[in-house]
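Per-entry structural report
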Amino acid sequence: MPKCVIAEDEALLRHALVAMLRETWPQLEIVAECEDGGEALEAIAEHRPDVAFLDIRMPGLTGLEVASAMVENSPATQVVFVTAYDQYAIDAFETGAVDYLLKPVSRERLAATVQRLQ
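**What about the overall build of the protein chain?**
Helices and strands together make up the secondary structure of the protein chain, namely five helices and five strands. Secondary structure of the protein chain in N-to-C order comes out as β-α-β-α-β-α-β-α-β-α. For the protein chain, the C-alpha radius of gyration of 12 Å lies close to 13 Å, the compact-globule estimate for 118 residues. In terms of principal-axis extent, the alpha carbons of the protein chain reach across some 30 × 30 × 25 Å. The 118 residues of the protein chain split such that 46% are buried. Once local pairs closer than 6 in sequence are excluded, the contacts in the protein chain between residues at least 24 apart make up 60%. Accessible surface computed for the protein chain: about 6,000 Å², of which carbon and sulfur atoms make up 51%. Counting 9 positive and 20 negative side-chain charges, the protein chain places the averaged centre of each group 5 Å from the other.

Here it is as structure tokens:
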């Protein structure tokens, strides 16, 4: 069963993403829901998930910093960035991101990402 960590500092957006993922990819086990970058990095090191959905702008470490730092602890984890800001796309793909979702995330767009991850 694939495992996932979600890092999003806005609770409503985090809960919406969790709900959509459960619907789109029922086999995915969400092992941690994090509110900031530091918490996300710890969860990734602990669980070594198959995928991490990271907000780019979070308190503490940014999603880009988390993606760079986690390579040591969890090199196989695939990263999907979820953000309201399209200007980070090039930086995101330079960290090896699998995808880059703009908020608000649509079900169709998330379904395409899930297919890519599977």
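**Section: the packing of helix H1 (residues 11–24) against helix H5 (residues 107–117)**
In contact at an axis separation of 10 Å, H1 and H5 are set at 60° when each is read in the N-to-C sense. By the angle class used here, H1 and H5 are oblique. Once H1 is placed against H5, the crossing between them reads as right-handed. Of the residues in H5, those touching H1 at Leu 17, Met 20, Leu 21, Glu 23 and Thr 24 are Arg 107, Leu 110, Ala 111 and Val 114. Residues that form the contact of H1 with H5 fall into these classes: six nonpolar, one polar and two charged.

**As for the packing of helix H2 (residues 37–47) against helix H3 (residues 63–73)**
Where H2 contacts H3, the two axes come as close as 10 Å, and the packing angle between them is 20°. Here H2 lies roughly parallel to H3, going by the angle between them. Once H2 is placed against H3, the crossing between them reads as right-handed. In contact with Gly 37, Ala 40, Leu 41, Ile 44 and Ala 45 of H2, H3 contributes Val 66, Ala 69, Met 70 and Asn 73. Residues that form the contact of H2 with H3 fall into these classes: seven nonpolar, two polar and no charged.

About the cut-offs
Residues numbered from 1 in each chain as written. Predicted model: local features only at pLDDT ≥ 70, side-chain atom pairs only at ≥ 80, totals over all residues. Heavy atoms only, no water. Helix = DSSP H or I, 4+ residues; strand = E, 2+ residues; numbered from the N terminus. Rg over C-alpha atoms; globule rule 2.2 N^0.38 Å. Buried < 20%, exposed > 50% of the residue type's maximum accessible area, 1.4 Å probe, protein only. Contact = heavy atoms within 4.5 Å. Areas by Shrake-Rupley, 256 points an atom, 1.4 Å probe, with all protein chains shown as cover. Lys, Arg positive; Asp, Glu negative; His and termini not counted. Charge placed at Lys NZ, Arg CZ, Asp CG, Glu CD. Axes fitted to C-alpha atoms, helices over the stretch in contact; angles between N-to-C directions. Parallel < 35°, antiparallel > 145°, perpendicular 65-115°, else oblique. Left-handed = near helix turned anticlockwise from the far one by under 90°. Nonpolar A, V, L, I, M, F, W, Y, C, P; charged D, E, K, R; others polar.

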